[in-house]
Number of protein chains: 2
Amino acid sequence: MGNKLLMQAFIQTLIQAIGEKNILTDPAECLAYGYDNSRRQGHPEVVVFAENTLQIQKVISLCNQHKVPLTARGRGTGTPGGAVPVMGGLVLSCERMQQVVKVDPANRLMVVEPGVLNQTVQTLAAQHGFFWAPDPSSAAFCTVGGNLAYNAAGPRAIKYGAARENTLALTAVTGGGEIIHTGSATTKGATGYDLTRLLIGSEGTLAIITEATLKLTPLPEAKQTIRAVYRHIAAAAEAVARIMAQPVVPCSLEFIDAKAIALIRAQGVDLPAQAGALLLIEIDGLATELPAAARKIEQAALQTDLLEIKIAADAAEAEQLWDARKALSPALRTLAPGKINEDVVVPVAHVPLLIEKLNTLSEKYHINIVNFGHAGNGNIHINLLIDSNDAQQRQGAEQCLAEIFDSVLALNGTLSGEHGIGIEKRDFMAKAIDANTLNIMRQIKEVFDPNAILNPGKIFPAY
Amino acid sequence: MGNKLLMQAFIQTLIQAIGEKNILTDPAECLAYGYDNSRRQGHPEVVVFAENTLQIQKVISLCNQHKVPLTARGRGTGTPGGAVPVMGGLVLSCERMQQVVKVDPANRLMVVEPGVLNQTVQTLAAQHGFFWAPDPSSAAFCTVGGNLAYNAAGPRAIKYGAARENTLALTAVTGGGEIIHTGSATTKGATGYDLTRLLIGSEGTLAIITEATLKLTPLPEAKQTIRAVYRHIAAAAEAVARIMAQPVVPCSLEFIDAKAIALIRAQGVDLPAQAGALLLIEIDGLATELPAAARKIEQAALQTDLLEIKIAADAAEAEQLWDARKALSPALRTLAPGKINEDVVVPVAHVPLLIEKLNTLSEKYHINIVNFGHAGNGNIHINLLIDSNDAQQRQGAEQCLAEIFDSVLALNGTLSGEHGIGIEKRDFMAKAIDANTLNIMRQIKEVFDPNAILNPGKIFPAY
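Residues numbered from 1 in each chain as written. Chains lettered and ligands numbered in written order. Predicted model: local features only at pLDDT ≥ 70, side-chain atom pairs only at ≥ 80, totals over all residues. Heavy atoms only, no water.

Focus on the overall build of chain A
Thought 1: Each helix and strand counted, chain A has 16 helices and 18 strands in total.
Thought 2: Its C-alpha atoms give chain A a radius of gyration of 23 Å, near enough to 23 Å, the size a compact globule of 463 residues would have.
Thought 3: Over its C-alpha atoms, taken along the principal directions, chain A stretches across nearly 70 × 60 × 40 Å.
Thought 4: Taking all 463 residues of chain A together, 63% fall into the buried category.
Thought 5: Sequence separation of at least 24 residues holds for 72% of the intrachain contacts in chain A that already meet a minimum separation of 6. (Helix = DSSP H or I, 4+ residues; strand = E, 2+ residues; numbered from the N terminus. Rg over C-alpha atoms; globule rule 2.2 N^0.38 Å. Buried < 20%, exposed > 50% of the residue type's maximum accessible area, 1.4 Å probe, protein only. Contact = heavy atoms within 4.5 Å.)

See below:
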């Protein structure tokens, strides 16, 4: 939208259609809706605060008529830049769509608008003894709409699944401006194509979700934490495979690599001298069953290179065991405020090979690479600790990242486990997905969004 | 393909491309590949036994060139007629694609060709302490390809999910003849659009799945069965909602209604005189934890109108409790060999309303309607016991079915939980799915299958 006069005309019709109180046009005000946790800054020309499905339909229709790009936005906590309006145009903020339409404990579901915070869902669900499985670390600030856009997960996905496994039905407005209803309010369905899962994880490129029926899960009665410290990552990974092969599925199975251990040791967390990898395992269930379940986990975790295993006796001890994990993020932020945080997945048994490769790359590019993540899913958060003001290091990091993604794919892994593709990883998509399959995805995009107005520049590599 | 000469020419090119030994053309022989468990009979003009992905690609290319309909087939156990070649043409049998490509216990996955039987997967997985969640009652005879085509489930879907929740990646040939690869060999992914779930449940109308990466789950250590008998269905449904709201998720939660109880009582199964509904509940987990878990279920099952509750002391007693359920199918088959078996889903709390409606319809149409199914998912198998030789009763049954589907949809339910749409339910799709959404589905079909050669006449209502 280079032409200011055309944009002015568009904004006038927008004001007539949905009212001035729902629109921002001041460039300084718009700027606050042009960035996300990728730290990229876009320049929206107009921000619309939609209040309901019909308003969103009107906005989309006008964007089609005026060929204005539309980027939907929850609270901007996403990391790959999915909410950044890289081509300017209109930002559709869902922050005013915070209605909880229905809480239905008898049918284990909740119907919400996209602007409802993840934490609000959890709080309301807990009043009836339930939770919603996706638990990204940003739960307190992120919206359900954003969670669905990225197929958000978190530690407990290992047992309870991600957004795709915990959403029953959606109302959405396609890029073409049609209101559609996907799925049904039932936990089973074989009625036509699965458009619910197709929209989840599509990062606002196909349709704007305006209402979601979330599947709720009963809260466990009790939890228990186990910490296991290993001499090296291969030993920890073998333990992970053994833990995942026995019937007590943990509700969290996190790992921390040697470099991360060095960091948290510097924060005062006491760990065995030879520690080369650490697993934090959480199990849940009936209070009376946890001791037996913990013993099962302990058996599976046993390994010649196990240095120490601790089962928390109570909540306070569990808290203490989690301290190691919690000390990590502040330590990383202090060390490298401009760090690059990547989210990749490999099959569980390939984690040691990837960590080995990451250590080689760390030496090659002179970049400290610290790894932790959701071991049970092979979902690793790779942190490149760079000084973002150092142009040479930034360039080295980019080359290093390209090598990382190549290794992940060579190990049968995938580019993202829970953060999405956005703008950050789009140029690697052609390596991850073959041309035929990517072409089918592009054509599906055209079906939903014939004028390509929705979130242009995302997911797909430039031709 | 009315024109015999054109068909002859097509078959000649087919023989040249993939060899005579993989092709049937004798009409009598072809007939055996023209029916399925819907008891409809189609008339394929040629049957091809594909051996690999590239052969399937060749066959699809030729079908496109010659505009020949292609209907894929596993073992024909599906009930809504999805495997019946209603427009003739070519039947692609996957029965020779029975290779287990990889069993990878460390990564909890198995890679199989579509012709592998569900039972083969279970047997191989069990050797490593795992199972694959989908467990249709036809497991011994049905193929993974068919399971994926219909998003098959079974009783344990309540805890472990259906095919969509238990498949990681697919190789497929689209209707356009392109080989695509969806998903990845990881249990988490946020890398572009979810084509895996889109293909699962699409009943061979988008692409032919040629290889599937199945997600395996550890076998439980032990199981326990509980049988609860209620005075009426409303009491049983209330118990179901309470069972589903507490943290011990059963691995099976089946129900049987009053008319079904009358049938099995006639088979000699001893049940309380006032029994109006019966729940069969199975829980699994560590052997030491099951007594506490069973008590939790017992608490949730308690209800003023509970007549009797029995917890099986051992496997023999469990077998005895399941007898009631197992006596049902033979009883139904004896009573009405031409019975109509429908598969619908409603939100769990609406089950009593649906059963009430079914009883009203039973009186209105003078048809005995017997109901049982997977109560925890609200997935009900409705059996209309008609004499299929009685034309008047058949007509009444059709009207009755239309009213049943209307009621299911009015109760926020859906047309199918695990059997699919096929030809049997396609005319009800426009009631279940609004025009915009159905239109998006049709356009997605066009993306994958531009010449509409794949399984024509299925899922979508006639224009």
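A short note on the sheet that holds strand E3 (residues 70-73) of chain B
Residues and elements named next belong to chain B.
Thought 1: Pairing is mixed in the open sheet, where four strands are placed in the order E1-E2-E4-E3. Unpaired on one side and paired on the other, strand E1 (23-24) and E3 mark the two borders of the sheet.
Thought 2: Across two bridges, E1 lies against strand E2 (residues 46-49) in antiparallel orientation. Note on E2: the bridge partner recorded for Leu-24 is Val-47.
Thought 3: Sheet strands touched by helix H1 (residues 4-18): E1, E2 and strand E4 (90-93). Its angle to E2, the strand with the most contacts, is close to 10 degrees.
Thought 4: Of the strands in this sheet, E2, E3 and E4 are in contact with helix H3 (residues 53-66), which crosses E4 at around 170 degrees. (Pairing = 2+ DSSP bridges. Axes fitted to C-alpha atoms, helices over the stretch in contact; angles between N-to-C directions.)

Details of the interface of chain B and chain A
Thought 1: In this complex, chain B contributes 87 residues to the contact, which on the side of chain A involves 86 residues.
Thought 2: Surface buried jointly by chain B and chain A totals about 6600 Å² across both partners, of which 60% is contributed by carbon and sulfur atoms.
Thought 3: Taken as a group, Lys-188, Thr-191 and Tyr-193 of chain B account for 14% of the area that chain B buries against chain A, more than any other trio of residues on that side.
Thought 4: Where chain B meets chain A, there are eight salt bridges.
Thought 5: Across the contact surface, chain B and chain A share 38 residue pairs in polar contact (both at pLDDT 80 or more).
Thought 6: With nine residues, the single largest contributor to the side of chain B that touches chain A is helix H16 (residues 435-448) of chain B. (Buried area = accessible area lost by both parts, 1.4 Å probe. Salt bridge = Lys/Arg side-chain N within 4 Å of Asp/Glu carboxyl O. Polar contact = N/O pair within 3.5 Å; in protein donor to acceptor, adjacent residues only side chain to side chain.)

Remarks on the packing of aromatic side chains
Thought 1: The tally for this structure, following the rule as stated, stands at eight aromatic pairs over all chains.
Thought 2: Pairing Phe-460 of chain A with Tyr-193 of chain B gives two aromatic rings, centres 5.6 Å apart and planes at 80 degrees, and the pair type is edge-to-face. Of this pair, Phe-460 of chain A sits in the segment after helix H16 (435-448) while Tyr-193 of chain B sits in the loop between strand E9 (179-183) and helix H7 (195-199), which puts the two residues in different chains. This pair shows no difference in class: Phe-460 of chain A is buried, exactly as Tyr-193 of chain B is.
Thought 3: An angle of 85 degrees between the planes, with centres 5.0 Å apart, marks the rings of Phe-131 of chain B and Tyr-160 of chain B as edge-to-face. (Phe/Tyr/Trp six-rings, centres within 6.5 Å; stacked < 30°, edge-to-face > 60°.)

Considering the sheet that holds strand E13 (residues 252-257) of chain A
Residues and elements named next belong to chain A.
Thought 1: Strand order in this open sheet of seven strands is E15-E12-E14-E13-E17-E18-E16, and the pairing throughout is antiparallel. Whereas interior strands pair on both sides, the edge strands pair on one side only; in this sheet they are strand E15 (306-311) and strand E16 (340-345). This sheet shows a mean twist of 15 degrees between the axes of neighbouring strands, independent of strand direction.
Thought 2: Where strand E12 (residues 222-230) meets E15, five bridges bridge the pair, whose relative direction is antiparallel. Bridging across to E15, Tyr-230 finds its partner in Leu-306.

Details of the relation of the copies chain B and chain A
Thought 1: At an RMSD of 0.0 Å, chain B and chain A line up after a rotation of 180 degrees and a shift of 0.0 Å along the axis. Such a combination of turn and shift is consistent with a two-fold rotation axis. Distance from the rotation axis, computed per C-alpha, reaches its smallest value in chain B at Glu-289 of chain B: 2.5 Å.
Thought 2: Comparing contact sets, 99% of the residues at the interface of chain B also lie at the interface in chain A, consistent with an isologous, same-surface contact. (Least-squares fit on C-alpha atoms with pLDDT ≥ 70 in both.)

So, the pairing of strand E18 (residues 379-385) of chain B
Residue and element names in this part refer to chain B.
Thought 1: Counting buried positions over the seven residues of E18 gives seven, a clear majority of the element.
Thought 2: Where strand E16 (residues 340-345) and E18 come together, six bridges link them in antiparallel fashion. Residue Val-345 lies in a different strand from E18, and its bridge partner there is Asn-379.
Thought 3: Where strand E17 (residues 368-374) and E18 come together, seven bridges link them in antiparallel fashion. What sits directly across from Phe-372, in E18, is His-381.
Thought 4: Remark: four residues form the turn of the hairpin made by E17 and E18, two consecutive strands paired antiparallel; Gly-378 in that turn has positive phi of roughly 65 degrees.

Let's talk about the pattern of salt bridges
Residues and elements named next belong to chain B.
Thought 1: Within this structure, the stated rule accounts for 38 salt bridges over all chains.
Thought 2: Across the salt bridge formed by Asp-427 and Arg-426, the nearest N and O atoms sit 3.6 Å from each other.
Thought 3: With a closest N to O distance of 2.7 Å, Lys-445 and Asp-449 form a salt bridge. Neither Lys-445 nor Asp-449 differs from the other in exposure class; each is buried.

Some points on unusual backbone geometry
Thought 1: The backbone phi angle of Arg-108 of chain A is positive, close to 50 degrees, even though this residue is not glycine.
Thought 2: Considering the arrangement of structural elements, one finds Arg-108 of chain A in the loop between strand E5 (100-104) and strand E6 (109-112).
Thought 3: The backbone of Asn-412 of chain B sits at a positive phi, close to 65 degrees, despite the residue not being glycine.
Thought 4: Mapped onto the elements, Asn-412 of chain B comes out in the loop between helix H14 (391-410) and helix H15 (429-432).
Thought 5: On the basis of relative accessibility, which here comes to 40%, the residue Asn-412 of chain B falls in the partly exposed class.

Overview of the state of the cysteines
Thought 1: Inspection of every chain in the model, using the stated rule, returns zero disulfides over all chains.
Thought 2: The thiol of Cys-142 of chain A is not disulfide-bonded; the next cysteine sulfur, from Cys-94 of chain A, is found 14 Å away.
Thought 3: Judged by its relative accessible area of 3%, Cys-142 of chain A falls in the buried class.
Thought 4: Here Cys-63 of chain B is not cross-linked by a disulfide; its sulfur's nearest cysteine counterpart is in Cys-94 of chain B, at 13 Å. (Disulfide = S-S within 2.5 Å.)

Digging into the side chain of Thr-167 of chain B
Residues and elements named next belong to chain B.
Thought 1: Here Thr-167 shows up in strand E8 (residues 167-174).
Thought 2: Only 2.8 Å separates the side chain of Thr-167 from the backbone oxygen of Ala-163, close enough to count as a polar contact.
Thought 3: The residues contacting Thr-167, other than those within four sequence positions of it, are Trp-132, Leu-148, Thr-196, Ile-200, Thr-213, Leu-214 and Lys-215.

Regarding the packing of helix H13 (residues 351-365) of chain B against H14 of chain B
All names here are of chain B.
Thought 1: Where H13 meets H14, the axes come as close as 10 Å, and the angle between the chain directions of the two elements is 160 degrees. The angle between H13 and H14 falls in the class roughly antiparallel. For the crossing formed where H13 meets H14, the hand is right-handed. Every residue of H14 that contacts H13 at Leu-354, Lys-357, Leu-358, Leu-361, Lys-364 and Tyr-365 is listed here: Gly-396, Gln-399, Cys-400, Glu-403, Ile-404, Ser-407 and Val-408.
Thought 2: When grouped by side-chain class, the residues that make up the contact of H13 with H14 number seven nonpolar, three polar and three charged. (Parallel < 35°, antiparallel > 145°, perpendicular 65-115°, else oblique. Left-handed = near helix turned anticlockwise from the far one by under 90°. Nonpolar A, V, L, I, M, F, W, Y, C, P; charged D, E, K, R; others polar.)

Focus: the environment of Lys-259 of chain B
All names here are of chain B.
Thought 1: Among the secondary structure elements, Lys-259 is positioned in helix H9 (residues 258-266).
Thought 2: When its relative accessible area of 25% is taken as the criterion, Lys-259 is described as partly exposed.
Thought 3: Between the C-alpha atom of Lys-259 and that of Ala-50, which follows or precedes it by 209 residues, the distance is 45 Å.
Thought 4: Not counting residues up to four positions away in its chain, the partners in contact with Lys-259 are Asn-359, Ser-362, Asn-368, Ile-369 and Val-370.

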